[in-house]
Amino acid sequence: MNQTVLILLGLSAMSVVGLSLLMGYAGQVSLGQASFYAIGAYTAGLLSLHGVPTLLGLLLAPVAAALAAVVVGIPILRLRGHQLAFATLALQLILLSVLGDADWAGGAIGLQGLPYLSIGGFELDENVHYLFLAVAGVALVSVVAWNLVRSRVGRGLRALATGEMAAEASGVPVGAYRLLVFAISAAFAGLAGGIYAFFLGYLAPGSFPVLLSIEYVVMAVVGGIGSIAGALVGATLITLVVQLLTTLATQPGMPSYAPSVLSYAVYALLLIAVVLFVPGGIVPTLRRRSRCFVSRRPPSWLPRSRSARPHKPPTPSTPEPSPTAPPGSPTSPPTGAAR
């Protein structure tokens, strides 16, 4: 596996961690996560082309994505279920159309000649530099998500995931918490998009297709919705499978449409397999089965010889005489007993 695949894996993991939180805790299905990925990338790229320091452009990329999520989230988060999914999908289609027709964004050609990321005068001009940056980004978003889940807001989100009406009756601000998680999820994707812009050096609307958003959803579902480790496992598994399919589809004799057809087929098969065999995702299922296995084991403090010793029936004991028993009964005292 080359460094480019590892970098793209890390960027996908950053986006999927936020999407997993959004779907697992806020109960919102988003098919437009790649749109915030594109907003972060174009923010960093446009700022760098206009003379803004690249590090500042990278820091503003998640901010721009979060602000965009707040603006569009206020109206669309009132929707539920498939209506919200279609609304987020429409959001990405509108964004791609705007970027393809806007001259300030380079139109269909896109932005070219983006500079390398520079941190403190050190220019990141090698793949290994962006690999370390992607790993640091994954660690950052994982820590932020872990602390969020275990905070007071996280407790409210867990209550929201259990039942919306019960959480609202308990005083949880449902709308505010949903908007917060939506913005944080968009910020994670925007940060990944900013790194992607400086790593690739070229941006175009075709770099952020709808299939990318579907790929993020598949990663989150396969790994386990609402689990940080599940997001990382799902991103790793799907990225490796896609890389294998791309290598297979580009072999001599394969048609030009083979990569996309194989990708859709594998996504469908993986989703069917997860629904049938691991409905909760890979990581939650493994955790549940490991807890069941541990609970069935005998206590560690119990000696093996004692646990293996056969059970002996209790020795029958002679009943004590009863003072109220009638004379001549088995439990009555002897007739000649001394007074």
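Within each chain, residue numbers correspond to sequence positions counted from 1 in written order. Since the coordinates come from a predicted model, pLDDT governs what is reported: local features require at least 70, and pairs of side-chain atoms require 80 or more to be given and counted, while whole-chain, interface and lining totals use all residues. The basis for every side-chain value is the complete set of heavy atoms in the structure, and neither hydrogens nor water enter the calculation.

Help me understand the overall build of the protein chain in this model?
Scanning the protein chain from terminus to terminus reveals 13 helices and four strands. Each residue is placed in one exposure class: buried if its accessible area under a 1.4 Å probe, protein chains only, is under 20% of its type's maximum, exposed if it is over 50%, and partly exposed if it falls in between. A total of 339 residues make up the protein chain; the buried ones form 43% of that total. Whether two residues are in contact is decided by their heavy atoms, any of which lying within 4.5 Å being enough. Counted over contacts in the protein chain with a minimum sequence separation of 6, partners at least 24 positions apart contribute 77%. For the area figures, the Shrake-Rupley method with a 1.4 Å probe applies, and any residue is considered shielded solely by the protein chains shown. Carbon together with sulfur atoms contributes 67% to the accessible area of the protein chain, which is approximately 18,600 Å² in total. Secondary structure follows DSSP: runs of H or I at least 4 residues long count as helices, runs of E at least 2 residues long count as strands, and numbering of each begins at the N terminus.

Just checking my understanding: could you explain a nonpolar patch on the surface for this structure?
Candidates for patches are residues over 30% relative accessible area with no salt bridge; among them, like charges are joined within 9 Å and nonpolar side chains (Val, Leu, Ile, Met, Phe, Trp, Tyr) within 5 Å. Each reported salt bridge corresponds to a side-chain nitrogen of Lys or Arg within 4 Å of a carboxyl oxygen of Asp or Glu. A cluster of nonpolar side chains, namely Leu55, Leu56, Leu59, Leu60, Val63, Leu67 and Ile119, defines an oily patch on the protein surface of about 570 Å² accessible area. The element best represented in the nonpolar patch is helix H3 (residues 54–76), accounting for six residues. Mapped onto the elements of the fold, Ile119 is located in strand E2 (residues 117–119).

What exactly am I supposed to notice about the layout of surface pockets here?
Method remark: on a 1 Å grid restricted to protein atoms, a set of points is classed as a cavity if a 1.4 Å probe fits but cannot get out and as a pocket if it is open with protein on both sides within 12 Å along at least five of seven lines; lining residues have an atom within 4 Å of a point. Grid points are joined across faces, edges and corners, and a volume is the space filled by probe spheres set on the points. Put simply, the largest pocket is a space of about 560 Å³. Taken together, 20 residues make up the lining of the largest pocket; nearest its centre are Leu8, Ser12, Leu212, Glu215 and Val242. Elements represented by at least two residues in the lining of the largest pocket include exactly helix H1 (3–24), helix H9 (210–223), helix H10 (228–249) and helix H11 (258–277). The classification used treats Ala, Val, Leu, Ile, Met, Phe, Trp, Tyr, Cys and Pro as nonpolar, Asp, Glu, Lys and Arg as charged, and all other residues, Gly among them, as polar. Grouping the amino acids of the lining of the largest pocket by side-chain chemistry returns 12 nonpolar, seven polar and one charged.

Just to check I follow, could you spell out the packing of aromatic side chains for this structure?
The description of two aromatic rings rests on the distance between their centres and on the angle between their planes. The aromatic pairing rule takes the rings of Phe, Tyr and Trp, using the six-membered ring of Trp, and pairs them if the centres are within 6.5 Å, calling planes under 30 degrees apart stacked, those over 60 edge-to-face and the rest tilted. A full pass over the atoms with the stated rule returns seven aromatic pairs. Judged by centre distance (5.6 Å) and plane angle (45°), the ring pair of Tyr37 and Tyr196 falls under tilted. With Tyr37 in helix H2 (residues 33–49) and Tyr196 in helix H8 (residues 174–200), this residue pair connects regions lying 159 residues apart in the sequence. Taking the relative accessible area as the measure of exposure, Tyr37 reaches 4% and is therefore buried. Their ring planes at 55° and their centres at 6.2 Å tell us that Tyr42 and Phe208 sit as a pair that is tilted. Pair noted here: Tyr42 is in helix H2 and Phe208 is in the loop between strand E4 (202–203) and H9, with a separation of 166 residues, a long-range link. Neither Tyr42 nor Phe208 differs from the other in exposure class; each is buried. Through a chain of ring-to-ring contacts, the aromatic side chains of Tyr37, Tyr42, Tyr196, Phe208 and Tyr216 assemble into a single cluster.

It is not clear to me how helix H6 (residues 152–162) should be interpreted in this structure. Could you clarify?
Residues Gly154, Gly156, Leu157 and Leu160 constitute the buried set of H6. Down the axis of H6, the smallest arc covering the buried residues is 160°, so these residues share one side. Set apart from the buried face of H6 by more than 90 degrees, the exposed residues are Arg152 and Thr162. Packing partners of the buried residues in H6 comprise helix H5 (127–149), helix H7 (164–169) and H8. Starting at the helix axis, one direction is taken to each C-beta atom, and the arc is that of these directions.

Looking at this structure, I do not really get the nonpolar core. What am I missing?
Among the nonpolar cores identified, the biggest contains 83 residues, and Tyr37, Tyr130, Leu203 and Phe208 are the most heavily contacted of them. The greatest single-element share of this core, amounting to 15 residues, is contributed by H8. Setting aside its immediate chain neighbours within four residues, Leu203 contacts Ala41, Tyr42, Ile109, Gly110, Leu111, Leu114, Tyr196, Ala197 and Phe208. Only buried residues count toward a nonpolar core. Its members are Ala, Val, Leu, Ile, Met, Phe, Trp, Tyr and Cys residues joined through side-chain atoms within 4.5 Å.

Please clarify how the side chain of Thr43 should be interpreted in this entry.
If you trace the backbone, Thr43 turns up in helix H2. Judged by its relative accessible area of 18%, Thr43 is buried. Pairing of N or O atoms within 3.5 Å defines a polar contact, subject to two protein rules: one partner must be a possible hydrogen donor and the other a possible acceptor, and residues neighboring in sequence count only if both atoms are side-chain atoms. Among the polar contacts listed, one links the side chain of Thr43 to the backbone oxygen of Ile39, at a separation of 2.6 Å. Once residues within four sequence positions are removed from consideration, Thr43 is found in contact with Leu60, Ala61 and Ala64.

Explain the environment of Leu79 to me, please; I cannot follow it from the model alone.
Secondary-structure assignment places Leu79 in the loop between H3 and helix H4 (82–101). Classification of Leu79 by relative accessible area gives partly exposed; the value is 31%. With residues near it in sequence (within four places) discarded, Leu79 still touches Gln28, Leu84 and Ala87.

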